[in-house]
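Chain residues, written in single-letter form:
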Amino acid sequence: MRILFIGDIVGRPGRAGLAAAMPELRERYSPDLVVANGENTAGGLGITEKTARQLFELGVGVITTGNHVYRHRDAYDFLDRADRVIRPANYRAGNPGRGHTVVPVGDRRLGVVNLSGSVQLQAARSPFVEADAVLHSLAGEADAVLVDFHAEVTSEKVAMGWHLDGRVAACLGTHTHVPTADARVLPGGTAFITDVGMTGSRAGVIGVRREQALEAFRTQMPVKFETADEDVWINGVAVTIRDDGLAESIEQVLMAAPA
Ligand SMILES: [Fe+2]
Ligand SMILES: [Fe+2]
């Protein structure tokens, strides 16, 4: 099976860019399932039922999130109801939403797991211990597993790749919005990348208008941030998963959205 994974979609420009790029992405990568990180879909921060539905209408099958998932209170009920939108599994158990889901892909079952890093991000439990617990609960329920590891620090993300190598089809990093050049299949058969990058404007600073981000850095004063909208790029990876549930290949996706 072939999975196209799309990095953090930032605001309306990211959603519009993905919509424009989807026909070409489908032709180039022929995905059986599209998974996308949607934590920045609503106004650049957070997700709402409306933005999630827009992604589903574009053909996204599962939406993962991260540290901005609870930005919009009116989405909490939706997160509890939705079975194809997930938030980090290692958040408090009572918080809205779920940490993993299992979806049919052809005649196979793919488990999708979201985890948050614990270095420079808040998480209730260690992502490493949580990964073990979730994989244990998925045994017999999924033929292959894809993990979105939403984390800040490269060392924690590389460590997670080794922790999961040979046990999941893919361990894909998100959150920094900057793609890394280390996509590969690890020796045990897990497709890995430290960060897939974002789907949004390359003209800003990780999604924010560059003059506003620069003003904040220069003045060290609060600045209202708006979503940058020029020069939108699609960042992601395409992963091919073998019948044994491990990865055959991982290919980086770096594509300008059609104007
Ligand atoms: Fe993000
Ligand atoms: Fe994030």
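Above: the structure in question.
Only a predicted model underlies this, so the values are computations on that prediction, with no experimental measurement involved.

Asker: Give a detailed account of the overall build of the protein chain, specifying residues and quantitative values.
Answerer: Along the backbone of the protein chain there are six helices and 12 strands. Relative to a compact globule of 259 residues, whose C-alpha radius of gyration would be 18 Å, the protein chain shows 17 Å and is just as compact. Its C-alpha atoms give the protein chain principal-axis dimensions of about 50 × 40 × 35 Å. Across the 259 residues that make up the protein chain, the buried fraction comes to 49%.

Asker: Describe the pairing of strand β1 (residues 2-6), with residues and values.
Answerer: Within β1, four of the five residues are buried, which leaves the element mostly enclosed by the surrounding structure. The β-α-β motif built from β1, the intervening helix α1 (residues 11-29) and the parallel element strand β2 (residues 33-37) has right-handed crossover chirality.

Asker: Account for the packing of helix α4 (residues 127-138) against helix α5 (residues 154-164), naming residues and giving values.
Answerer: At their nearest, the axes of α4 and α5 sit 11 Å apart, and the two run at 30° to each other. As far as their axial angle goes, α5 and α4 are roughly parallel. For the element pair α4 and α5, the recorded crossing hand is right-handed. Contact residues: α4 offers P127, F128 and A131, while α5 offers M160, H163 and L164. Residue composition of the contact of α4 with α5, by class: five nonpolar, one polar and no charged.

Asker: I'd love a proper account of the nonpolar core, names of residues and values included.
Answerer: L146, V147, A169, A170, V237 and V239 are the most contacted members of the largest nonpolar core, which has 66 residues in total. Looking at this core element by element, the count peaks at seven residues for strand β11 (residues 232-241). Among all residues touching V237, those that are not within four sequence positions of it are F5, L172, A183, I193, V196, I250, E251, Q252 and V253.

Asker: Requested: an account of unusual backbone geometry, with residues and values cited.
Answerer: Despite not being glycine, S30 has its phi angle at roughly 40°, a positive value. By the element assignment, S30 lies in the loop between α1 and β2.

Asker: Would you mind going over α4 in detail, with residue names and values included?
Answerer: With 12 residues, α4 should reach 16 Å at 1.5 Å per residue; the first-to-last C-alpha distance of 16 Å fits that figure. Against β4 (100-105), β5 (108-116), β6 (144-150) and α5 lie the buried residues of α4.

Asker: Could you give an account of the sheet that holds strand β8 (residues 184-185), with specific residues and numbers?
Answerer: If you walk across this open sheet you meet the six strands as β4-β5-β6-β7-β9-β8, and the pairing is mixed. Unpaired on one side and paired on the other, β4 and β8 mark the two borders of the sheet. Here three bridges tie strand β7 (residues 170-174) to strand β9 (residues 191-193), and the two strands are oriented parallel to one another. Within β9, the position partnered with A170 by the bridge is A191.

Rules behind the numbers
- Residues numbered from 1 in each chain as written.
- Chains lettered and ligands numbered in written order.
- Predicted model: local features only at pLDDT ≥ 70, side-chain atom pairs only at ≥ 80, totals over all residues.
- Helix = DSSP H or I, 4+ residues; strand = E, 2+ residues; numbered from the N terminus.
- Rg over C-alpha atoms; globule rule 2.2 N^0.38 Å.
- Buried ≥ 20, exposed ≤ 12 C-beta atoms within 10 Å, placed from the backbone.
- Right-handed = clockwise from strand over helix to strand, strands pointing away.
- Axes fitted to C-alpha atoms, helices over the stretch in contact; angles between N-to-C directions.
- Parallel < 35°, antiparallel > 145°, perpendicular 65-115°, else oblique.
- Left-handed = near helix turned anticlockwise from the far one by under 90°.
- Contact = placed C-beta atoms within 7 Å.
- Nonpolar A, V, L, I, M, F, W, Y, C, P; charged D, E, K, R; others polar.
- Core = buried A, V, L, I, M, F, W, Y, C linked by C-beta atoms within 7 Å.
- Expected span 1.5 Å × (residues − 1).
- Pairing = 2+ DSSP bridges.

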